[in-house]
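So you can see what is in the structure, the chains are spelled out below.
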Amino acid sequence: MIKSILETNFAGKKVLVRVDFNVPFDENMQVSDDTRIRSSMPTIEKIIADGGVPILMSHLGRPKGKVDAKYSLEPVAKFLDDNYKYIVHFANDCIGEPAQAAIEKAEVGDIVLLENLRFHPEEEANDPEFSKKLASLADVYVNDAFGSAHRAHASTEGVAKHFKEKYAGLLMGKEVEFLSKVTENYEHPFVAIIGGSKISGKIDVIKELMKKCDYILIGGGMTFTFFKAMNLEIGKSILEEDKIALAKELIVHAHEGWLNLVLPSDIVCGEEFKNDTNIQIFDKQEIPENMIGLDLGPETIEKYANIIKNAKTVLWNGPMGVFEMDNFASGTKAIAEAMAIATQNGAVTVVGGGDSAAAINKFGYSEKVSHVSTGGGASLEFLEGKVLPGVKALEM
Ligand code: AMP
């Protein structure tokens with residue numbers, strides 16, 4: 001049983017909160033995208049409103065177990081201090097004396113932010129002693145870092161063992177709730193849209209979805225490995241030679257009536273891999289040898305959009321084309337739009353992190369779907385049906 005922070009009151013408690021403040025910086029070491037910070041503010045604010053002191057811990061980048069100023073969380077402390085009404089006490093080490101001192105200084109209404117957990121190799125090693133030192137800082141543990149929940153690290157897994165009281169933060173709770181709606185409590189028709197550059201990395205998700213979905217709509221670069229498996233010519237399109245056999249296997253399953261695996265029928269191709277290039281649309285049987293497949297064609301877009309609009313549950317992972325280039329963004333944009341319409345029609349619609357989350361943000365539809373996951377790897381593993389160590393560790 002996992003409890004939400006809404007089921008408790010933190011008055012008078014020191015609360016160790018695992019957040020995901022792995023944010024990007026600009027060249028002046030200023031936070032350039034604060035989405036991850038904003039996403040955890042409701043959890044932080046609930047703790048403060050109750051009269052507790054949030055002690056925030058996070059990783060940032062890959063400092064490989066060594067102190068490296070480039071990966072310090074100090075600019076994040078400054079960002080919090082400048083942009084929110086709370087006083088932020090920054091500890092230049094996540095354990096020991098510096099952490100203790102910052103916590104002692106903090107009054108109710110303040111925030112403590114600990115330095116990057118990954119300055120210690122023990123974090124990623126899930127070292128029991130290190131976990132114990134982290135746990136000694138607080139009375140209660142909260143995990144709000146869904147994006148790190150697929151990793152059994154000290155701050156996401158080991159530390160939880162030392163607390164009687166542990167809770168899912170509001171972001172973590174929302175992620176688990178919505179991702180469960182597409183893994184367990186889904187309604188039919190259930191449509192998954194799977195894209196991205198490659199099949200590798202998505203095989204387990206596709207196999208899992210094959211058991212559940214009424215349609216799996218394929219797009220993006222992985223389309224061409226499927227086409228190759230069907231003996232179609234794909235020109236200079238991206239191909240995973242070593243996944244052709246697997247693509248064949250999936251198509252065979254589909255023909256056996258396992259599911260409705262849908263592939264594009266027409267493709268927008270470019271002569272070169274750049275926005276300003278000679279562009280033409282071809283049927284899937286007619287891709288010439290000098291062209292690269294870069295987006296869904298209009299016929300496919302219409303077909304996919306219709307299937308999505310009539311669904312009751314929709315899950316999307318991976319862009320339908322090279323959406324970073326305007327001339328090859330139509331397929332991806334149309335999926336985002338169809339999902340917004342499906343949501344209006346009462347469907348549960350979930351975008352599974354990573355590039356599709358970036359895409360739906362770019363096209364302005366993120367508020368118009370039920371849920372956009374903040375975790376790339378974590379949401380993929382959740383969708384594969386795996387139990388995430390960071391989620392399991394919260395069981396009381
Ligand atoms: P992934 O990381 O595998 O989810 O792939 C995301 C990337 O796939 C995005 O950066 C897209 O630009 C890229 N992508 C989508 N469609 C294609 C395509 N037809 N050819 C090459 N790359 C693509």
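See above for the structure.
K.L.:
I would appreciate a short explanation of a positive patch on the surface in the present structure.
P.N.:
On the surface, Arg62, Lys64, Lys66, Lys70 and Arg151 cluster together into a patch of positive charge. With respect to the helices and strands, the residue lysine 64 is situated in the loop between strand E2 (53–57) and helix H2 (74–83).

K.L.:
Even after reading the chapter, I still don't get the site of the ligand, so can you show me in this structure?
P.N.:
By nearness alone, 16 residues border the ligand, and Ser197, Lys202, Gly293, Gly321 and Glu324 come closest of all. At 3.3 Å from a nitrogen atom of the ligand is found a main-chain nitrogen or oxygen belonging to glycine 221. Within the complex, the protein chains bury 80% of what would otherwise be the 510 Å² of accessible surface of the ligand. A class-by-class count of the residues in the shell around the ligand yields six nonpolar, six polar and four charged.

K.L.:
Explanation requested: the sheet that holds strand E15 (residues 371–372) in the structure shown.
P.N.:
Within a sheet, adjacent strands bond to each other through the backbone by hydrogen bonds, running parallel or antiparallel. Read across the open sheet, the six strands follow the order E9-E8-E7-E13-E14-E15; overall the sheet is parallel. Lying at the two open borders of the sheet, with one neighbouring strand each, are strand E9 (260–262) and E15. Relative to strand E8 (residues 215–218), strand E7 (residues 190–194) runs parallel, the two sharing four bridges. Within the sheet, the bridge partner assigned to isoleucine 194 lies in E8 and is isoleucine 218. Relative to strand E13 (residues 313–317), helix H12 (residues 354–362) is tilted by about 105°, and along the sheet it contacts E13, strand E14 (348–351) and E15.

K.L.:
Just checking my understanding: could you explain helix H1 (residues 35–50) for this structure?
P.N.:
Residues lying three or four places apart along an α-helix face the same way, a consequence of the helix completing one turn every 3.6 residues. Here H1 is 16 residues long and its end C-alpha atoms lie 24 Å apart, about the 22 Å a rise of 1.5 Å per residue gives. When the local axis directions of H1 are compared, the greatest deviation, roughly 40°, occurs at methionine 41, which is followed within four positions by the proline proline 42. Along H1, the residues classified as buried are Ile37, Ser40, Met41, Thr43, Ile44, Lys46, Ile47, Ile48 and Asp50. Tucked inside the fold, the buried residues of H1 contact strand E1 (14–18), E2, H2, strand E4 (111–114), strand E5 (140–143) and helix H6 (170–183). Immediately downstream of H1, the backbone of glycine 51 shows phi near 100°, a positive value.

K.L.:
Looking at this model, I keep getting lost on the environment of glutamate 123. Mind explaining?
P.N.:
Within the secondary structure, glutamate 123 is located in helix H4 (residues 121–125). Glutamate 123 sits 33 residues away from threonine 156 along the chain, and the two C-alpha atoms are 9.1 Å apart. Contact partners of glutamate 123, with chain neighbours within four places excluded, come to Arg18, Leu117, Arg118, Phe130, His153, Ala154 and Ser155.

K.L.:
What is the right way to look at the sheet that holds strand E12 (residues 292–296) in this model?
P.N.:
On the basis of which strands lie adjacent, the open sheet formed by three strands has the order E11-E10-E12 and antiparallel pairing. Each edge of the open sheet carries a strand with a single partner, namely strand E11 (279–283) and E12. With direction set aside, neighbouring strand axes in the sheet form an average angle of 40°. By the bridge criterion, five bridges tie strand E10 (residues 266–270) to E11 in an arrangement that is antiparallel. For glycine 270, the partnering residue across the bridge sits in E11 and is isoleucine 279.

Analysis parameters
- Residues numbered from 1 in each chain as written.
- Predicted model: local features only at pLDDT ≥ 70, side-chain atom pairs only at ≥ 80, totals over all residues.
- Heavy atoms only, no water.
- Patch = residues over 30% accessible without salt bridge, like charges linked within 9 Å, V, L, I, M, F, W, Y side chains within 5 Å.
- Areas by Shrake-Rupley, 256 points an atom, 1.4 Å probe, with all protein chains shown as cover.
- Salt bridge = Lys/Arg side-chain N within 4 Å of Asp/Glu carboxyl O.
- Lys, Arg positive; Asp, Glu negative; His and termini not counted.
- Charge placed at Lys NZ, Arg CZ, Asp CG, Glu CD.
- Helix = DSSP H or I, 4+ residues; strand = E, 2+ residues; numbered from the N terminus.
- Near = heavy atom within 4 Å.
- Polar contact = N/O pair within 3.5 Å; in protein donor to acceptor, adjacent residues only side chain to side chain.
- Nonpolar A, V, L, I, M, F, W, Y, C, P; charged D, E, K, R; others polar.
- Pairing = 2+ DSSP bridges.
- Contact = heavy atoms within 4.5 Å.
- Axes fitted to C-alpha atoms, helices over the stretch in contact; angles between N-to-C directions.
- Expected span 1.5 Å × (residues − 1).
- Bend = angle between axes of the 7 residues up to and from the residue.
- Buried < 20%, exposed > 50% of the residue type's maximum accessible area, 1.4 Å probe, protein only.

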